[in-house]
Structures are given as C-alpha cells and as structure tokens.
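What follows is the residue order along each chain.
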Amino acid sequence: MRLAVAYDVSSDSNRRQVYRTLQRYGAWKQYSVFELEVNKTERVKLEDELESHINPDDGDRIRVYRLCDSCLDDISDIGAEPPDEQSNVL
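Scoring rules and cut-offs
- Residues numbered from 1 in each chain as written.
- Predicted model: local features only at pLDDT ≥ 70, side-chain atom pairs only at ≥ 80, totals over all residues.
- Heavy atoms only, no water.
- Core = buried A, V, L, I, M, F, W, Y, C linked by side-chain atoms within 4.5 Å.
- Buried < 20%, exposed > 50% of the residue type's maximum accessible area, 1.4 Å probe, protein only.
- Helix = DSSP H or I, 4+ residues; strand = E, 2+ residues; numbered from the N terminus.
- Contact = heavy atoms within 4.5 Å.

J.: Explain the nonpolar core here, please?
T.: Across soluble globular proteins, nonpolar side chains have a tendency to be buried as a group. With 15 residues, the main nonpolar core has Y7, L22, F34 and L36 as its most contacted residues. Of all the secondary structure elements, the ones that give two or more residues to this core are β1 (2-8), α1 (12-25), β3 (33-37) and α2 (40-52). With four residues, α1 is the largest single contributor of residues to this core. Other than its neighbours up to four places away in sequence, L36 contacts M1, R2, L3, V5, L22, Y25, G26, A27 and L46.

Below you can see the structure in the form of structure tokens.
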C-alpha cells in the first residue's frame, strides 16, 4: 500500500529519529513529508516505531494517509522541484 506521512516534531533529536525511520521505508518528497510503499505488517511496525520517537505532550504529531490506486494517478506537483537527497534535518 502507498502511504503519505506528514509530521510535526518539536525536538531536533526526535525529528531526526522520525526522519531516519521514514527514510528506511520510502522517499522524502517535501519538508516533513514522505511517500512510502509498505505492506500491512510493515505499516504496523512503522507506526509503532514512529510513536516511540515523538512526545505528544510537546505537540508532536504524525499523520499517515493511505493513497488509493486511483489517487496515485491524480497527484500534482506545483512549484519548485521536490528536494534532492539532501536533508534539512539537523
């Protein structure tokens, strides 16, 4: 299944952990946004791992969107080219 994951994490060290976790599963598409291709088991593992890297009391939040096949055909990029492999994560 294809997922889009967006995150807001306040702590630099936690943000780094979230970024590195997502990087193992998919592609960095935009600041704080990844696209992933995973199976159901990997999704459960991913969400458990991400939850361990955030602190909701600090306002940290991660949203996971499942992208259906018909949705994939209707994705548009507007503006600058997507980021290259370089990360802005500290």
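Back to the text.
J.: When you look at the environment of L46 in this model, what are you seeing that I'm missing?
T.: Relative to the helices and strands, L46 is located in helix α2. Judged by its relative accessible area of 0%, L46 is buried. Along the sequence, L46 and L72 sit 26 residues apart, while their C-alpha atoms lie 21 Å from each other. Apart from residues no more than four positions distant in its own chain, L46 is found in contact with T21, L22, Y25 and L36.

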